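Residue-level structure breakdown
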Amino acid sequence: MPSPTRSSISCGCGLSAFGLGGVGRARLAEVKRREPAHAKISKDLGVAIVTGRYPPGHHLPGEVEFAEQLGVSRSVVREAFRTLSANGMLESRPKAGTRVRDRSHWNLLSPDLLAWMFEGAPPLGFVRSLFQLRMIVEPAAAELAAVGRTSRQLSRMGHALEMMAQHGLATQEGQDADQRFHAAILEATGNELLVTLSGSIAAAVRWTTYFKYRTSRHPRDPIPQHRELFEAIANSDAAAARQATEVLVRQAQIDTEAALNAQPLAAAPRA
């Protein structure tokens, strides 16, 4: 892929498609009121990379040129690049500039990267790998939670379930509660290594749910399966907790793949 010319960079090195090129400063002022500029830039670049607009080996403009095109300070661009580098997606070398790294270096379980992946339409293979991971981790975690949870942890699960039912999973509030529900189960395992996966598992839950409800096809209501899982954990029934989790994850995969099959779908910004 040829290196971008100055005119193509004025489209934001592709950033006009993100809403940051062309209209530059005016749009960025609006962005600043909603989220930090570096977060918006890193998100839009991240989406461009994971969707293949900027393939591995692609060179990005320098910090100074990039900052001029976007009407931001160089430090903002540097911070955006730093976020992407921390996720294994960019590397910068003196005189060689900044380029996109091979996918094998990406931190695919990073909550940031998962968010960027589901802003577009993730590859089917990636979705299946993600659910395979969930099927390996979550049923076993539910078993452990059923025998090791505390009353406080159970209360947190119950409250999250109530919020999910009250707001619905099509809403931000409901999706946030869904994340808290699954994170509380991992915490209740008492296994500090499993707990470190809570951010990634919660992000996987959040973004697959977001993706499903972004399409016109309405997925099946998973609240009843969540209730069965909660009741199994409340009753300290490890076998029932495992089974309920397997049903829940399997249904989520079916619905997510159905959403993928409903493509083409334009990437929709998060509310």
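Quick note: structure is the one above.
So, here is what we can say about the structure in this document. Computed from a predicted structure; not experimentally measured. (Residues numbered from 1 in each chain as written. Predicted model: local features only at pLDDT ≥ 70, side-chain atom pairs only at ≥ 80, totals over all residues. Heavy atoms only, no water.)

Some thoughts on helix H4 (residues 63–70)
Listing the buried residues of H4 in full gives Phe66, Ala67, Gln69 and Leu70. Seen end-on, H4 carries its buried residues on one side only, within an arc spanning 165 degrees. Remark: Gly71 follows H4 within two positions and exhibits a positive phi of approximately 70 degrees. (Buried < 20%, exposed > 50% of the residue type's maximum accessible area, 1.4 Å probe, protein only. Helix = DSSP H or I, 4+ residues; strand = E, 2+ residues; numbered from the N terminus. Arc of directions from axis to C-beta.)

Side note on the packing of helix H7 (residues 124–148) against helix H13 (residues 238–261)
Relative to each other, H7 and H13 sit at 160 degrees, their axes nearing to 8 Å. When the interaxial angle is binned, H7 and H13 end up roughly antiparallel. Our pair here, H7 against H13, has a crossing hand that is right-handed. Partitioned by chemical class, the residues of the contact of H7 with H13 number 14 nonpolar, three polar and eight charged. (Axes fitted to C-alpha atoms, helices over the stretch in contact; angles between N-to-C directions. Parallel < 35°, antiparallel > 145°, perpendicular 65-115°, else oblique. Left-handed = near helix turned anticlockwise from the far one by under 90°. Nonpolar A, V, L, I, M, F, W, Y, C, P; charged D, E, K, R; others polar.)

Some details on the pattern of salt bridges
Summed over all chains, the structure comprises 14 salt bridges. The closest approach of N and O atoms between Arg74 and Glu63, which form a salt bridge, is 2.9 Å. Note that Arg74 is positioned in helix H5 (residues 74–86) and Glu63 in helix H4, a separation of 11 residues in sequence. Judged by relative accessible area, which is 44%, Arg74 ranks as partly exposed. For Arg134, the salt bridge goes to Glu138, with nearest N and O atoms at 2.3 Å. One end of the pair is Arg134 and the other is Glu138, both in helix H7 and four residues apart, which spans about a single turn. There is no split in this pair, since Arg134 and Glu138 are both buried. Three or more residues joined by partner-sharing salt bridges are found here, namely Glu91, Arg93, Arg99 and Arg101. (Salt bridge = Lys/Arg side-chain N within 4 Å of Asp/Glu carboxyl O.)

Purely geometric numbers; function is a separate question.
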